[in-house]
Amino acid sequence: MGLTRQYLRYEPAALFGLVASARAGVAFVALRGERGRYVAVPACEHVFVWDTRKGEKVLILKGLKQQVSCLCPSPDGLHLAVGYEDGAIRVFNLLSGESVITFNGHRAAVTALQYDHLGGRLVSGSKDTEVIVWDVINESGLYRLRGHKDVITQVLFLKEKNLLVTCSKDTLVKWWDLDTQHCFKTLVGHRAEVWGMALLSQEKRLITGSADSELRVWDLTYIQEVKDPDEPESKKSKASSLPATEENTEEDETLELDEHPEERIVKCSKVGSIMREGRDRVVTLGTDRMGKFLACHGTDAILEVFSVLSEEEIQKKLEKKMKKARKKAKQNSEEEPERSVELSLQEEIQRVTSVKASSKIKSFDLILSPKGELKMVLLLQNNVIELYNLDLSAQVPQAVRVSRITIGGHRSDVRTLAFSSDNIAILSAAAESVKIWNRSTLQCIRTMECEYALCSLFVPGDRQVILGTKTGKLQLYDLASGSLIETLDAHDGAVWSIALSPDQHGFVTGGADKCVKFWEFELVKDESSVQKRLSMKHVRVLQLDEDVLCVRYSPNQKLLAVSLLDCTVKVFYVDTLKFFLSLYGHKLPVLCMDICYDGTLIATGSADRNVKIWGLDFGDCHRSLFAHDDSVMYLQFVPKSHLFFTAGKDNKIKQWDADKFEHIQTLEGHHQEVWCLALSPNGDYVVSASHDKSLRLWERTREPLILEEEREMQREAEYEESVAKEEQPVVAGERQGETGLAGKKTIETIKAAERIMEAIELYREETAKLKEHNAICKAAGKEVPFPVNPILRAYGNITPSAYVLEVFKKVKSSELEESLLVLPFSYVPDLLRLFNEYIQQGSDVELLCRALLFLLKIHFGQITSNQMLVTVIENLKKTTISRVSEARDVLGFNMAGLQFLKREIEAKEEVTFFADATERFEEKKRKRKKKEKMVLAML
């Protein structure tokens, strides 16, 4: 076989031009000991942490391929949980920026994440309608809760009770008892989707946001299971009613409880509604960490902020009201007011202000600073983060915008890109601005306002740039001053395409007014200035029958190719403008095309998803390639080669060989339609722009790319993807109920199970060899050298059973159950015998007990019916119970020791506190005596 043609691989080099994606929420994170300064935002597959004071990116939490769909910082502020589109959850350490834990359980995008108040558990809700509770400390899944019929929108842990509240687009709010893992209550008071909810007033109130302008408020009463008779009665407040009525209500409550058994734990009653200003659905509803402020926003640009009164404030207000009522009663010479005074809901939850952002809000976060200011960070739809401060001490609190992070990207989609001739500068232009970026540092050097740009080029010399706009204008900018030098009305419709002439003396434009216009550069002198400046002169026009979509020169400047709206490409002679060829074959208009460096081939990309390669000598179609799953938006040849890149609306960029008609590689990274790309003049870099607001830079490496290997890798990736989509393994004899296992079958769990199987097989082989060796030694009557397995030697000459334990310990905690679930039963008896041996030695008791109990649960029938395993199970029972009680005793001792130390420290602190107080008191006494003496002396 001859040597295959080698290509060089293009690798992703950077992601830039993105401030924040609007897919997931924004969250304040504590970094370097500061709260309220740093915010974490989703950025495609990564998470960026921005310093709002300096407007700088301080940390990037790197993701893999999938887009970020949800964020949640841990209560201690050290970690950030990130949910992704494929259902994975990764927990990052904010100090190192590394991913410390990965959870795989959901089969669709994660839509809600929440830590409990200690940060030990994490609950996640997903588009697959399921809720999973994870143990963060043990790095494993606890259980899956099923019950909702649509996307989960919010999940909340309760602090005091072991309860969980979830709401969903199926209009239901469900209450789960986590001790028994079942749904004990469902709130059905909503007519449409429940988009968000929050707990207020020390979890005595629940507030929900739906598809209308009402925020529904529910009162929560937690019912004690059994009241302790020795418990002292709570003090009655002034506003409490008479004891007789209290007894009656208690009786009523017991009657009600018998009627509604689901209200044994918590009782929900609707109190009323708070009206929002917005008429549309609630997008985000949330509180600050203290629960003092509540905020919500709809699909518009207004954030509404409410203040929630605390118990003391409510009590004060009630007393004031009571006084007023008594006064009024006296004036009207009435008796004491009989009816008890009550506060309305609007008085308990007061509207503070409305914050108007510069664009549609997608998400927000609140934090109450120690100074008493409320800080609000808003993530907007147009690639902007805004930070507002609300001074609460003011008479009429007004939100003030403190900072705005915008410089790092465009407000709208980038429609055109260009590289400078020295490969250093990149131009990107969108509907509102044109930016110049430094390719090596990825810093934005210039930002200039422009009209809606559709095409662009660097003028030879790289000191000026020209943009073609949607309104038919040509805009010429000077890069040194960052100013607009000239605007020309070029076409009556949009300027769809612009191409520099190979002699660099001029350029050609094609527009929606069915014209191709030829322009030349010239130097003109302004009346005001002494120096000449660059300008553009219109020299010729070529009138056509259809709108022009794309124009390209051949490298020798003899031919001009023009793509028209009638799906054809017409080729003309440049000098005489005579017609030469018509390239006919595409079913939909040709949106992009390019001619290779030697002028022999022209490649055209169309909205019919095909790329056709034509010869420019006779206009014959060499090959038609099905290129993308949607329209081909951009096509460009790599300089000095017959390789070309295409960008499609299917989020992909592909490289092709125009001689061999082969697909070389796919550059995957963008999450939405790719609008355009540009290749550097030396062919080492590709930059692309997408609807996900990101610009991506790809770099040509020195690594050769072999097509066969590439295809093989593609097939492997497809297989790995299909594994996760397969039917999940089930436990024999179990029906699918409200709860289930938290994990899911992935390629990692299958690989882990395979590693355990290989280890057990090695153990079997080695024990058999050892028996043979012992028999040989006995027969020979002397010690014969025993050949050690190379794998065991690599682990430091350990025993085969110790090797199995090593492999077992290396299985990720979150994947353990799923790995054991796919392990065939033939390996289980050996595992049980090994477990007995390990537990007797007292090594990794917790891990082994967890695995043992899980194996007993899933293979219960087969284990109990197997006579051979009876003795093994009996032995396991003895050793496990004794070892577990030992471990429990150690834990108990350690806990008692820690509590003792805590008490000692507290006692010491109290002593020092009292000593300080006494000292201060004595100091005051001394000063007073001194003063008195001075006064007496003066008298």
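A few words on the overall build of the chain. Within the chain, the regular secondary structure consists of twelve helices and 57 strands. With the C-alpha coordinates aligned to their principal axes, the bounding extent of the chain is approximately 115 × 105 × 75 Å. Of all 939 residues assigned to the chain, the portion counted as buried reaches 48%. Summarising the internal contacts of the chain: among those between residues at least 6 apart in sequence, 50% fall at separations of at least 24. Accessible surface computed for the chain: about 48400 Å², of which carbon and sulfur atoms make up 52%. Positive and negative charge centroids in the chain, built from 127 and 138 side chains respectively, lie 4 Å apart.

Position of E45 among the secondary structure elements: in the loop between β3 (34-43) and β4 (46-51). A C-alpha to C-alpha distance of 5.4 Å links E45 and Q66, two positions 21 residues apart in sequence. If sequence neighbours within four positions are ignored, E45 has contacts with L15, G63, L64, K65, Q66, Q67, V68, Y84, G669, H671 and R696. At a separation of 3.1 Å, a polar atom in the side chain of E45 contacts the side chain of H671.

Time to look at empty space enclosed by the protein. What the rule picks out here adds up to two cavities of 30 Å³ or more. Taken as a whole, the largest cavity holds about 50 Å³ of empty space. If you trace the largest cavity, you find it lined by F28, V29, A30, R35, P73, S74, P75, G77, H79, L94 and R289. For the lining of the largest cavity, the leading source of residues is strand β2 (residues 27-31), giving three residues. Each residue belonging to the lining of the largest cavity can be placed in one class, and the counts come to six nonpolar, three polar and two charged. Approximately 40 Å³ is the volume found for the second largest cavity. Along the walls of the second largest cavity sit N104, G743, K744, T746, T749, S814, E815 and E818, which together make up its complete lining.

Moving on, we get to the sheet that holds strand β54 (residues 674-679). Read across the sheet, four strands follow the order β1-β56-β55-β54 without closing on themselves; strand pairing throughout is antiparallel. Every interior strand has two partners, whereas the edge strands, β1 (7-16) and β54, have only one. This sheet shows a mean twist of 25 degrees between the axes of neighbouring strands, independent of strand direction. Two elements, strand β55 (residues 685-690) and strand β56 (residues 695-705), share five bridges in a ladder whose sense is antiparallel. Its bridge partner being in β56, A689 is matched across the sheet by L695.

A few words now on the side chain of N383. With respect to the secondary-structure elements, N383 resides in the loop between β27 (373-380) and β28 (385-391). A distance of 2.7 Å separates the side chain of N383 from the backbone nitrogen of V19, its partner in a polar contact. There is a polar contact of 3.1 Å between the side chain of N383 and the backbone oxygen of H410.

What follows is about the packing of aromatic side chains. This structure, assessed with the given rule, holds eleven aromatic pairs. Ring centres of F507 and F521 lie 5.5 Å apart, and the angle between their planes is 40 degrees; on these two criteria the pair is classed as tilted. In this pair, F507 is assigned in strand β39 (residues 506-511) and F521 in strand β40 (residues 515-525), connecting sequence segments 14 residues apart. With respect to burial, F507 and F521 carry one shared label: buried.

To continue, consider the packing of helix α9 (residues 828-841) against helix α10 (residues 845-858). Following both chains from N to C, one finds α9 and α10 inclined at 150 degrees, their axes separated by 11 Å at the closest point. As summarised for this structure, α9 and α10 are arranged roughly antiparallel, according to the angle between their axes. Crossing handedness for the pair α9 and α10: left-handed. Each of V828, L831, L832, F835, Y838 and I839 in α9 lies in contact with α10, whose residues at this interface are L848, A851, L852 and L855.

Turning our eyes to something else, we now look at the sheet that holds β27. With respect to topology, four strands assemble into an open sheet ordered β26-β27-β28-β29, the strand pairing being antiparallel. Across the chains shown, the open sheet's two edge strands, defined by having one partner strand only, are β26 (361-368) and β29 (399-405). Each neighbouring strand pair of the sheet contributes to a mean axis angle of 20 degrees, computed without reference to strand direction. In terms of strand pairing, β27 meets β28 through seven bridges, oriented antiparallel. Looking at β28, one finds that V377 is bridged to L387.

Next up on the list: α9. The end-to-end C-alpha distance of α9, which contains 14 residues, comes to 20 Å, matching closely the 20 Å that a straight helix rising 1.5 Å per residue would cover. When you tally the buried positions in α9, you get ten out of 14 residues, the bulk of the element. V828, P829, D830, L831, L832, L834, F835, N836, Y838 and I839 are the residues of α9 that are buried. Looking one or two residues beyond α9, the residue adopting positive phi is G842, at roughly 80 degrees.

Time to look at the nonpolar core. Counting residues in hydrophobic clusters, the biggest one holds 36 residues, and the most contacted among them are F808, L820, L831, L832 and F835. Listing elements by their share of this core, those giving two or more residues are α5 (747-780), α7 (800-810), α8 (816-821), α9, α10 and α12 (870-938).

Here we take up a negative patch on the surface. A grouping of E668, E716, E718, E720, E721 and E748 is seen on the molecular surface, where their side chains present a negatively charged patch. Overall, E668 belongs to the partly exposed group, its relative accessible area being 46%.

The next subject is the pattern of salt bridges. Enumeration over the complete set of coordinates arrives at 37 salt bridges. As a salt-bridge pair, R37 and E34 come within 3.0 Å of each other at their nearest N and O atoms. With relative accessibility at 11%, the residue R37 sits in the buried group. As a salt-bridge pair, E386 and R404 come within 2.8 Å of each other at their nearest N and O atoms. Placement of the pair is E386 in strand β28 and R404 in strand β29, with a sequence separation of 18 residues. Judged by relative accessible area, E386 falls into the buried class, the value being 0%. Linked through salt bridges whose partners overlap, the residues forming this network are R9, E11, E703 and E710.

Turning our attention to the side chain of S433. Topologically, S433 is positioned in strand β32 (residues 433-438). A distance of 3.2 Å separates polar atoms of two side chains, one belonging to S433 and the other to H410. Beyond its immediate stretch of four places on either side in the chain, S433 contacts H410, S428, T447, M448, E449 and C450.

Before going further, it helps to examine unusual backbone geometry. Backbone geometry places T171, a non-glycine residue, at a positive phi of 75 degrees. The class for T171 is partly exposed, based on a relative accessible area of 21%. Even without a glycine there, the phi angle at R609 is positive, about 75 degrees. Within the secondary structure, R609 is located in the loop between β47 (601-606) and β48 (610-615).

Cut-off values and rules
- Residues numbered from 1 in each chain as written.
- Predicted model: local features only at pLDDT ≥ 70, side-chain atom pairs only at ≥ 80, totals over all residues.
- Heavy atoms only, no water.
- Helix = DSSP H or I, 4+ residues; strand = E, 2+ residues; numbered from the N terminus.
- Buried < 20%, exposed > 50% of the residue type's maximum accessible area, 1.4 Å probe, protein only.
- Contact = heavy atoms within 4.5 Å.
- Areas by Shrake-Rupley, 256 points an atom, 1.4 Å probe, with all protein chains shown as cover.
- Lys, Arg positive; Asp, Glu negative; His and termini not counted.
- Charge placed at Lys NZ, Arg CZ, Asp CG, Glu CD.
- Polar contact = N/O pair within 3.5 Å; in protein donor to acceptor, adjacent residues only side chain to side chain.
- 1 Å grid on protein atoms, 1.4 Å probe; cavity = no way out; pocket = protein on both sides within 12 Å on 5 of 7 lines; lining within 4 Å.
- Points joined across faces, edges and corners; volume = space filled by probe spheres on them.
- Nonpolar A, V, L, I, M, F, W, Y, C, P; charged D, E, K, R; others polar.
- Pairing = 2+ DSSP bridges.
- Axes fitted to C-alpha atoms, helices over the stretch in contact; angles between N-to-C directions.
- Phe/Tyr/Trp six-rings, centres within 6.5 Å; stacked < 30°, edge-to-face > 60°.
- Parallel < 35°, antiparallel > 145°, perpendicular 65-115°, else oblique.
- Left-handed = near helix turned anticlockwise from the far one by under 90°.
- Expected span 1.5 Å × (residues − 1).
- Core = buried A, V, L, I, M, F, W, Y, C linked by side-chain atoms within 4.5 Å.
- Patch = residues over 30% accessible without salt bridge, like charges linked within 9 Å, V, L, I, M, F, W, Y side chains within 5 Å.
- Salt bridge = Lys/Arg side-chain N within 4 Å of Asp/Glu carboxyl O.

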